[in-house]
Amino acid sequence: QVRLVESGGGMVQAGASLRLACEASGRTFTYIMGWFRQAPGKEREFVAAISWSGLTTYYTDSDSVKGRFTISKDSAKTTMYLQMNTLKPEDTAIYYCAVGGAQPYGSRWRPIDYWGQGTQVTVSP
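Here the structure is a predicted model, which is why all the values come from computation and not from measurement.

Asks: Which parts of the structure should I look at to understand the layout of surface pockets?
Replies: Where empty space is left in the structure can be found by rolling a water-sized probe over the atoms. Empty space within the largest pocket amounts to approximately 230 Å³. Lining the largest pocket are Phe 36, Glu 43, Arg 44, Glu 45, Phe 46, Thr 60, Ser 107, Arg 108, Trp 109, Arg 110, Ile 112 and Trp 115. The residue inventory of the lining of the largest pocket, partitioned by class, reads five nonpolar, two polar and five charged. Taken as a whole, the second largest pocket holds about 150 Å³ of empty space. In this structure, the second largest pocket is lined by 13 residues; those nearest its centre are Arg 37, Ala 39, Lys 42, Glu 45 and Glu 90. For the lining of the second largest pocket, the residue count by class is two nonpolar, three polar and eight charged.

Rendered as structure tokens:
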């Protein structure tokens, strides 16, 4: 069993930065950790992921976050971060931490084995 707890969401103005964190506990060895987001009225979409070792990162091939978001892990490999810079109103969404055994491909990452409860990010114009 894996437990994921997100933090760091909030309300900011366009152009600001936020850093989301996801702390994992339980049997996370060899899992890939990552982030999805879901905006109101839209499907949940893959954003970024990182290997258990932290050596390999994956980003959606969508242009939506390219160059603005960076995923990382702490040295203990149990906490993952998503640094979000130059935030835009279209980044407004609930951001979910996720864990899965398969590698993301393009804009897809499935199946997901565990989900966090989500953290709200709101970006005002």
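From this point, the discussion proceeds with the structure in view.
Asks: Which parts of the structure should I look at to understand the nonpolar core?
Replies: Soluble globular proteins tend to pack their nonpolar side chains together in the buried interior. With 28 residues, the main nonpolar core has Leu 4, Met 33, Trp 35, Leu 82, Met 84 and Tyr 95 as its most contacted residues. When contributions to this core are tallied by element, the ones reaching two or more residues are strand 1 (2–7), strand 3 (18–26), strand 4 (32–38), strand 5 (45–50), strand 7 (69–73), strand 8 (79–84), strand 9 (93–100) and strand 11 (119–124). Ignoring anything within four residues of it in the chain, the contact list for Leu 82 reads Leu 18, Arg 19, Leu 20, Trp 35, Val 47, Ala 48, Phe 69, Thr 70, Ile 71 and Tyr 95. One finds Ile 32, Ala 49, Tyr 58 and Ala 98 within the second-largest nonpolar core, a separate group that totals eight residues.

Asks: I keep staring at the sheet that holds strand 7 and nothing clicks. Help me out?
Replies: Sheet strands pair via backbone hydrogen bonds, and the direction of the pair is either parallel or antiparallel. Sheet architecture is open: four strands sit in the order 1-3-8-7, paired in antiparallel fashion. Strands at the two margins of the open sheet, each flanked by one partner only, are strand 1 and strand 7. Strand-to-strand twist across the sheet, computed as the mean angle between neighbouring axes with direction ignored, equals 15°. Pairing geometry for strand 7 and strand 8, over five bridges, is antiparallel.

Reading the values: the criteria
- Residues numbered from 1 in each chain as written.
- Predicted model: local features only at pLDDT ≥ 70, side-chain atom pairs only at ≥ 80, totals over all residues.
- Heavy atoms only, no water.
- 1 Å grid on protein atoms, 1.4 Å probe; cavity = no way out; pocket = protein on both sides within 12 Å on 5 of 7 lines; lining within 4 Å.
- Points joined across faces, edges and corners; volume = space filled by probe spheres on them.
- Nonpolar A, V, L, I, M, F, W, Y, C, P; charged D, E, K, R; others polar.
- Core = buried A, V, L, I, M, F, W, Y, C linked by side-chain atoms within 4.5 Å.
- Buried < 20%, exposed > 50% of the residue type's maximum accessible area, 1.4 Å probe, protein only.
- Helix = DSSP H or I, 4+ residues; strand = E, 2+ residues; numbered from the N terminus.
- Contact = heavy atoms within 4.5 Å.
- Pairing = 2+ DSSP bridges.
- Axes fitted to C-alpha atoms, helices over the stretch in contact; angles between N-to-C directions.

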